[in-house]
Amino acid sequence: MKSKETAGAEIVSEAYNLITGQRQNDYNHPLVDYQRTADIYNALTGRSDMTPEMAVMFMVAMKLSRLMNEMQHDMEVPDNTRDAIGYLGCLNMIRTTRKENR
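Residues numbered from 1 in each chain as written. Predicted model: local features only at pLDDT ≥ 70, side-chain atom pairs only at ≥ 80, totals over all residues. Heavy atoms only, no water.

Remarks on the overall build of the protein
Within the protein, the secondary structure is distributed over five helices and zero strands. For the protein, the N- to C-terminal ordering of α and β elements is α-α-α-α-α. Counting only C-alpha atoms and orienting by the principal axes, one finds that the protein spans roughly 45 × 30 × 25 Å. When the 102 residues of the protein are sorted by exposure, 29% land in the buried category. (Helix = DSSP H or I, 4+ residues; strand = E, 2+ residues; numbered from the N terminus. Buried < 20%, exposed > 50% of the residue type's maximum accessible area, 1.4 Å probe, protein only.)

Structure below.
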């Protein structure tokens, strides 16, 4: 049973389960997954500077934009908050892996 003081915090566990569960099995570790995303962006734009970290931060920016829209229109879409938390978790996983590989 959750208390009034922690109501809403369960979304962190939901995000954790998403990024470490079946999705990671389906798409691989975030470093691999977002390297693919960065490679596609770079190929489409003719650039070469998008990194996996930047790809994840772009996704966070998209979710923040959607959260702003929610607040402006008095909406509540839990997916946006959960996904933003998940993307930040992915970013931390990438950074941790890079640090361990140095």
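Continuing now.
Observations regarding the pattern of salt bridges
Throughout the structure, instances matching the rule amount to six salt bridges. Across the salt bridge formed by arginine 36 and aspartate 33, the nearest N and O atoms sit 2.9 Å from each other. One end of the pair is arginine 36 and the other is aspartate 33, both in helix H3 (residues 30–45) and three residues apart, which spans about a single turn. With a relative accessible area of 38%, arginine 36 lands in the partly exposed category. (Salt bridge = Lys/Arg side-chain N within 4 Å of Asp/Glu carboxyl O.)

Here we look at H3
The first and last C-alpha atoms of H3 sit 22 Å apart over 16 residues, in line with the 22 Å expected at 1.5 Å per residue. Of the surrounding elements, those touching the buried residues of H3 are helix H2 (22–27), helix H4 (52–72) and helix H5 (78–100). A positive backbone phi angle near 75° is found at glycine 46, which sits one or two residues after H3. (Expected span 1.5 Å × (residues − 1). Contact = heavy atoms within 4.5 Å.)

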